[in-house]
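# Structural characterization, general
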Amino acid sequence: SSLPPPRTRIFKIIVIGDSGVGKTCLTYRFCAGKFPDKTEATIGVDFREKVIEIDGEKIKVQLWDTAGQERFRKSMVQHYYRNVHAVVFVYDVTSAASFRSLPAWIEECRQHALGQEVPRILVGNKCDLRHAAQVSTDVAQQFADAHSMPLFETSAKNPHGDEDGNHSNSDHVEAIF
Ligand code: GDP
Ligand code: MG
């Protein structure tokens, strides 16, 4: 008789940040390889997964994305923060407010035992709108350094360049996760 296939390891990543920064679009881009045709505001938890292969081993990457509504949070928050392998903090480069919210999101994670010992990364989304940016790379990089996180700037919408067709130096979503 043949051996059973090896269990696929699961890698759970939570994607956190203010509403509207593009969490759903980023997870969709990663899992489906494209920008969604239409997005609805996330209700509760958006959950997507994709199987990737690393060194010949299949790994199931689960991306959890939340809307952050109060009602959802009270009932789901413990479940959401359980068995997390990595945290992705997202802000919108065209929204200073979304950047200012980051310390509160980082603190909430810390309260759920997701501090520096867990891999955490910072993602600035909507780099295709760089002309409208309110958060400079320098400021974001300083913040990332202060919190011992790598910074990636990207666009879920147009990873290959900005609206004017200029070549973009932003990171590709697939390379970040
Ligand atoms: P979430 O609330 O964080 O899940 O944000 P969504 O993924 O629902 O996106 C919020 C809005 O931002 C939608 O209208 C998206 O089309 C838009 N959006 C998301 N990512 C990008 C991006 O990279 N570039 C641009 N220009 N718009 C984006
Ligand atoms: Mg969403």
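Reference entry: report on the structure contained in this document. (Residues numbered from 1 in each chain as written. Chains lettered and ligands numbered in written order. Predicted model: local features only at pLDDT ≥ 70, side-chain atom pairs only at ≥ 80, totals over all residues. Heavy atoms only, no water.)

## Looking at the overall build of the protein chain
Definition in use: Elements are defined by DSSP. Helices are runs of H or I of four residues or more, strands are runs of E of two residues or more, and each kind is numbered from the N terminus. Relative accessibility thresholds used throughout: buried, under 20% of the residue-type maximum; exposed, over 50%; partly exposed, between the two (1.4 Å probe, protein chains only). Throughout, a contact is declared for two residues whenever any of their heavy atoms are within 4.5 Å.
Each helix and strand counted, the protein chain has six helices and six strands in total. Shown N-terminal to C-terminal, the secondary structure of the protein chain runs as helices and strands in the order β-α-β-β-α-β-α-α-β-α-β-α. By residue count, 45% of the 177 residues in the protein chain fall in the buried class. Looking at the protein chain alone, contacts between residues at least 24 apart form 68% of all its contacts between residues at least 6 apart.

## Topic: the pairing of strand S5 (residues 120-125)
Basically, it comes down to this: Strands are treated as partners if at least two bridges between them are detected by DSSP.
Of all six residues that make up S5, six are buried, and the element is covered over most of its length. Here S5 shows no split at all, with Arg120, Leu122 and Gly124 on one side and Ile121, Val123 and Asn125 on the other all buried. Summarising the sheet, strand S4 (residues 86-92) and S5 pair through six bridges and their orientation is parallel. In the sheet register, Asp92 faces S5, and the bridge partner there is Asn125.

## Here we look at the site of ligand 1
The following threshold applies: By convention in this text, a residue qualifies as near a molecule or strand provided that one of its non-hydrogen atoms is within 4 Å of it. In protein, a polar contact requires one atom able to donate a hydrogen and another able to accept it; more generally it is a pair of N or O atoms within 3.5 Å, and residues adjacent in sequence count only if both atoms are side-chain atoms. Computed by Shrake-Rupley with a 1.4 Å probe, the accessible areas treat only the displayed protein chains as cover when residues are assessed. Residues are sorted three ways: Asp, Glu, Lys and Arg are charged, Ala, Val, Leu, Ile, Met, Phe, Trp, Tyr, Cys and Pro are nonpolar, and all the rest, Gly among them, are polar.
Of all residues adjacent to ligand 1, which total 18 residues, the nearest are Gly20, Lys23, Thr24, Cys25 and Asp128. A distance of 3.0 Å is found between an oxygen atom of ligand 1 and a side-chain nitrogen or oxygen belonging to Lys126. Here an oxygen atom of ligand 1 and a side-chain polar atom of Ser155 are 3.3 Å apart. Relative to its unbound accessible area of 580 Å², ligand 1 is 80% covered by the protein chains. Here the element with the most residues in the shell around ligand 1 is helix H1 (residues 23-32); it accounts for three residues. Here the residues of the shell around ligand 1 are counted per class, giving five nonpolar, eight polar and five charged.

## A word on H1
Counting buried residues along H1, seven of its ten residues qualify, which places the element largely inside the surrounding structure. Within the span of H1, buried status applies to Lys23, Thr24, Cys25, Leu26, Thr27, Arg29 and Phe30. Among the residues trailing H1, Gly33 stands out with phi positive, at a value near 80°.

## Thoughts on the packing of aromatic side chains
How we decide: Classification of ring pairs rests on two measures: the distance between centres of Phe, Tyr or Trp rings, Trp counted by its six-membered ring, which must be within 6.5 Å, and the angle between planes, read as stacked under 30 degrees, edge-to-face over 60 and tilted in between. For a ring to carry a charge above it, either NZ of a lysine or CZ of an arginine must fall within 6 Å of the ring centroid while also lying within 35 degrees of the normal to the ring plane.
Tallying each qualifying case throughout the model produces four aromatic pairs. Among the aromatic residues, those joined into a ring-pair cluster are Trp64, Tyr80 and Tyr81. Looking at Lys12, its charged tip hangs above the ring of Trp64, at a distance of 3.8 Å from the centre. Over the ring of Phe30 we find Lys50; its NZ or CZ atom is 4.4 Å from the centre of that ring.

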